[in-house]
Amino acid sequence: MTDRRLAIDAWESLFRAQHEVFGDISGDFEGTALSQAEYDVLLTVTRGEDQTARLRDVTANMLISQPSVSRLVDRMVSRGLLSKCADPDDGRGALVRATDEGAAVFRRLASSHGRAIAERMSILSDGELAQLRELTAKLRNPDPAC
């Protein structure tokens, strides 16, 4: 059995570190063409084949509710950042695709945002970064069979 006090201390440290790092890099979006939520949508979409993703996959990667993601995507469609169509493999679903403009805006911001993240995380060695990635993946998927 895990030491309860140690588990709570580790959780609190993880939560506070995430909050502080997030605060440090959230300024990357001030005065830009994308909000942080829009950036997150485009991150998922541009990583997909042909810069396309199922709306349900976008929703799964976001930290906001499904109705909020749907409204956000609709606003991004109206701004010309995304296109949206019915999913031919799922009659109830939708596909979203980055437009040329959306992909270009994303790439410009991703470059500077990536530098800010790398700079903030540079206090850790490559080995520590790999360990952090492994530990957080383990926390996200606690079932060892998966």
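Check the entry above for the structure.
Residues numbered from 1 in each chain as written. Predicted model: local features only at pLDDT ≥ 70, side-chain atom pairs only at ≥ 80, totals over all residues. Heavy atoms only, no water.

## Side note on the overall build of the chain
No. 1: Across its full length, the chain carries 6 helices and 3 strands.
No. 2: For the chain, the N- to C-terminal ordering of α and β elements is α-α-β-α-α-β-β-α-α.
No. 3: Pairs at least 24 residues apart make up 50% of the contacts formed inside the chain by residues separated by at least 6 positions.
No. 4: For the chain, the exposed area adds up to about 10200 Å²; of that, 54% sits on carbon and sulfur atoms.
No. 5: Here the chain carries 19 positive and 23 negative side-chain charges, and the mean point of each set is 3 Å from the other. (Helix = DSSP H or I, 4+ residues; strand = E, 2+ residues; numbered from the N terminus. Contact = heavy atoms within 4.5 Å. Areas by Shrake-Rupley, 256 points an atom, 1.4 Å probe, with all protein chains shown as cover. Lys, Arg positive; Asp, Glu negative; His and termini not counted. Charge placed at Lys NZ, Arg CZ, Asp CG, Glu CD.)

## Notes on the sheet that holds strand β3 (residues 90–98)
No. 1: Taken in spatial order, the 3 strands make up an open sheet running β1-β3-β2, and their pairing is antiparallel. Among the strands making up the open sheet, the edge pair consists of β1 (52–54) and β2 (82–87). Mean inter-strand twist for the sheet, computed between neighbouring axes without regard to direction, equals 25 degrees.
No. 2: Pairing of β2 with β3 involves 6 bridges; the strand directions are antiparallel. Pairing of K84 across the sheet is with V96, part of β3. (Pairing = 2+ DSSP bridges. Axes fitted to C-alpha atoms, helices over the stretch in contact; angles between N-to-C directions.)

## Some thoughts on the nonpolar core
No. 1: Among the nonpolar cores identified, the biggest contains 23 residues, and V41, L42, V45, V58, V73, M76 and L82 are the most heavily contacted of them.
No. 2: Elements represented by at least two residues in this core include exactly α2 (36–47), α3 (55–61), α4 (66–78), β3 and α5 (100–121).
No. 3: Those residues in contact with V58, other than ones at most four positions away along the chain, are V41, T44, V45, A53, V69 and V96. (Core = buried A, V, L, I, M, F, W, Y, C linked by side-chain atoms within 4.5 Å. Buried < 20%, exposed > 50% of the residue type's maximum accessible area, 1.4 Å probe, protein only.)

## Re a nonpolar patch on the surface
No. 1: The grouping of W11, L14, F15 and L139 at the surface amounts to a nonpolar patch, some 450 Å² of accessible area in total.
No. 2: Following the sequence through the fold, F15 ends up in helix α1 (residues 4–26).
No. 3: Since its relative accessible area comes to 46%, F15 is described here as partly exposed. (Patch = residues over 30% accessible without salt bridge, like charges linked within 9 Å, V, L, I, M, F, W, Y side chains within 5 Å. Salt bridge = Lys/Arg side-chain N within 4 Å of Asp/Glu carboxyl O.)

## Focus on the packing of aromatic side chains
The geometry of an aromatic ring pair is captured by two quantities: the separation of the ring centres and the angle between the planes.
No. 1: Under the definition given, this model contains 3 aromatic pairs.
No. 2: Clustering of aromatic rings is evident, with ring pairs tying together F29, Y39 and F106. (Phe/Tyr/Trp six-rings, centres within 6.5 Å; stacked < 30°, edge-to-face > 60°.)

## Quick notes on the side chain of H113
No. 1: Summarising the element assignment, H113 is placed in helix α5.
No. 2: Setting aside residues no more than four positions away along its own chain, H113 makes contact with I25, D28, F29 and Y39.

## What about the environment of V41?
No. 1: Tracing the chain through its elements places V41 in helix α2.
No. 2: Residues V41 and A53 lie 12 residues apart in sequence; the distance between their C-alpha atoms is 9.6 Å.
No. 3: The residues touching V41, leaving out its near neighbours within four places in the chain, are V58, M62, L72, V73, M76 and L82.

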